[in-house]
Amino acid sequence: MPSYALTMLAAGFGIPLLAALNAALGQRMGSPAAAATILFCVALLATLTVLLITGPTALARAAGAPRHLFLAGLFVAFYVLTVTWIAPKFGVGNAVFFVLLGQLVSAAAIDHFGLFTAQVSPLTLTRALGIGVMGLGVWITQQA
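Residues numbered from 1 in each chain as written. Predicted model: local features only at pLDDT ≥ 70, side-chain atom pairs only at ≥ 80, totals over all residues. Heavy atoms only, no water.

Asks: I would appreciate a short explanation of the pattern of salt bridges in the present structure.
Replies: A side chain of one charge can pair with a side chain of the opposite charge when the charged atoms of the two come close. One pass over the full model with this rule turns up one salt bridge. Here aspartate 111 makes a salt bridge to arginine 127, at a shortest N to O gap of 3.0 Å. Of this pair, aspartate 111 sits in helix α4 (residues 92-113) while arginine 127 sits in helix α5 (residues 125-141), and the two are 16 residues apart along the sequence. Exposure remark for aspartate 111: the relative accessible area of 23% places this residue in the partly exposed category. (Salt bridge = Lys/Arg side-chain N within 4 Å of Asp/Glu carboxyl O. Helix = DSSP H or I, 4+ residues; strand = E, 2+ residues; numbered from the N terminus. Buried < 20%, exposed > 50% of the residue type's maximum accessible area, 1.4 Å probe, protein only.)

Here is the structure:
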């Protein structure tokens, strides 16, 4: 379990780095969409490499998956495009602050209702207060 937390912490560190790097690339190129396209090409190569190492046969099962599960690709594209376009104008910290706020609310709803086969974790008053404190903490860091 601690390795899961550390892995996700590392992924969390990567989100603002992704935002800053791709925003800078988008500005340099004069096109957030071009920068996002390059990001997705690099990501495709990276994930394809991992897939080939870990077993490409799993890819065949995608044909039987419910179509709505493929919407995740649109959500990641929306995130990358918007953060690449908005971060240079709004600041990486501000952009990521609102992304975190959205993640807290969305994650709580997904867990509460067990959406998309997620483990059910009811939104208790204590959990809601904790999420509120986390949101407040992120907001406070942006006030300095």
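The structure having been displayed, the exposition proceeds.
Asks: Looking at this structure, I do not really get the layout of surface pockets. What am I missing?
Replies: Picture a little ball the size of a water molecule; that probe, rolled over the atoms, points out where space is still empty. Estimates place the volume of the largest pocket at around 520 Å³. Contributing to the lining of the largest pocket are 19 residues, with Phe75, Phe78, Tyr79, Val80 and Val99 lying nearest its centre. Elements with a contribution of two residues or more to the lining of the largest pocket: α1 (2-29), α2 (32-54), α3 (71-90) and α4. For the lining of the largest pocket, the leading source of residues is α3, giving nine residues. For the lining of the largest pocket, the residue count by class is 16 nonpolar, three polar and no charged. (1 Å grid on protein atoms, 1.4 Å probe; cavity = no way out; pocket = protein on both sides within 12 Å on 5 of 7 lines; lining within 4 Å. Points joined across faces, edges and corners; volume = space filled by probe spheres on them. Nonpolar A, V, L, I, M, F, W, Y, C, P; charged D, E, K, R; others polar.)

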